Amino acid sequence: MAANFEDVAKQFVNFYYQQFDTDRKQLAALYRDQSMLTFESSAVLGTNAIVEKLSALPFQQVKHQVATLDAQPGVNGGVLVLVTGQLLVDEEQRPMNYTQTFQLMPESGSFFVFNDIFKLVYG
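Residues numbered from 1 in each chain as written. Predicted model: local features only at pLDDT ≥ 70, side-chain atom pairs only at ≥ 80, totals over all residues. Heavy atoms only, no water.

S.K.: Describe the sheet that holds strand β3 (residues 62-73), and please don't skip the residues or the numbers.
M.R.: Read from one edge of the open sheet, six strands run β2-β1-β6-β5-β4-β3, paired in mixed fashion. Each of the sheet's edge strands pairs with one partner strand only, and the pair in question is β2 (42-45) and β3. Sheet twist, expressed as the mean angle between neighbouring strand axes with direction ignored, is 15°. As judged from the four bridges shared by strand β1 (residues 31-39) and β2, these two strands associate in the antiparallel manner. Bridging across to β2, M36 finds its partner in L45. Running at roughly 160° to β3, helix α1 (residues 5-22) makes contact with β1, β3, β4 (79-89), β5 (96-107) and β6 (110-121) of the sheet. (Pairing = 2+ DSSP bridges. Helix = DSSP H or I, 4+ residues; strand = E, 2+ residues; numbered from the N terminus. Axes fitted to C-alpha atoms, helices over the stretch in contact; angles between N-to-C directions. Contact = heavy atoms within 4.5 Å.)

S.K.: Can you tell me about the environment of E92, naming the residues and giving the values?
M.R.: By secondary structure assignment, the location of E92 is in the loop between β4 and β5. On a C-alpha basis, the gap between E92 and A49 in space is 27 Å, while along the polypeptide they are 43 residues apart. Here the side chain of E92 touches R94 through a polar contact of 3.4 Å, side chain to side chain. (Polar contact = N/O pair within 3.5 Å; in protein donor to acceptor, adjacent residues only side chain to side chain.)

S.K.: So what's going on with the pairing of β1? Which residues, and what values?
M.R.: Relative to β6, β1 runs parallel, the two sharing five bridges. For T38, the partnering residue across the bridge sits in β6 and is I117. Joining the antiparallel neighbours β1 and β2 is a turn of two residues, in which E40 adopts a positive phi near 50°.

S.K.: Describe the environment of I50, naming the residues involved and giving the relevant values.
M.R.: If you trace the backbone, I50 turns up in helix α2 (residues 47-55). Taking the C-alpha atoms as reference points, I50 and F39, 11 residues apart in sequence, are found 9.5 Å from one another. Sequence-distant contacts of I50, defined by excluding residues within four places in its chain, comprise Y31, S35, M36, L37 and V44.

S.K.: Describe α2, and please don't skip the residues or the numbers.
M.R.: All of the buried residues along α2 are T47, I50, V51 and L54. For α2, the angular spread of the buried residues around the axis is 95°, confining them to a single face. In α2, the exposed positions angled more than 90 degrees off the buried face are occupied by N48 and E52. If you follow the buried residues of α2, they end up packed against α1, β1 and β2. (Buried < 20%, exposed > 50% of the residue type's maximum accessible area, 1.4 Å probe, protein only. Arc of directions from axis to C-beta.)

S.K.: Tell me about the pattern of salt bridges, and please be specific about residues and values.
M.R.: Applying the stated criterion across every chain yields a total of two salt bridges. When the shortest N-O distance is used, the salt bridge between R32 and E107 registers 2.5 Å. In this pair, R32 sits in strand β1 while E107 sits in strand β5, placing the two residues 75 residues apart along the sequence. Across the pair E92 and R94 runs a salt bridge whose closest N-O atoms are separated by 3.4 Å. (Salt bridge = Lys/Arg side-chain N within 4 Å of Asp/Glu carboxyl O.)

S.K.: Now, about the packing of aromatic side chains: what can you tell me, with residues and values included?
M.R.: By the definition in use, this model includes 10 aromatic pairs. For the ring pair F12 and F102, a centre distance of 4.8 Å and an interplane angle of 75° mean the geometry is edge-to-face. One end of the pair, F12, is in helix α1; the other, F102, is in strand β5, and 90 residues separate them in sequence. What makes F102 buried here is its relative accessible area of 0%. Measuring from centroid to centroid gives 6.5 Å for Y17 and F102, while their planes differ by 65°, and the two rings are edge-to-face. One end of the pair, Y17, is in helix α1; the other, F102, is in strand β5, and 85 residues separate them in sequence. Three or more aromatic residues joined by ring pairs make a cluster, and in this case those are F12, Y16, Y17, F20, F39, Y98, F102 and F118. (Phe/Tyr/Trp six-rings, centres within 6.5 Å; stacked < 30°, edge-to-face > 60°.)

Right under this line is the structure:
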């Protein structure tokens, strides 16, 4: 079981969204070649493909607001993280609801994103 899995999840989520909101290309360090991102039902595999996908999203500015964060210990010392929240893009005044799930895996005293699933929530 990952030591302090809840602390790992909170620290990761804070760092991830801060990086995403300022410079998405810097997220490359969090992924590996075996990492997979599913963004709105479109899946890509590997660091380069993930960063390319995130960098090509059709907005310039984004601000994530985390509403809930739940975490569970995963297999092999990993951490499963579920986030819900709202995001504002560019000049949009109405926030969009989203959910995102991360599977973090340990590596050399830190963690990397093995799985990442993002979905907007409509309704």
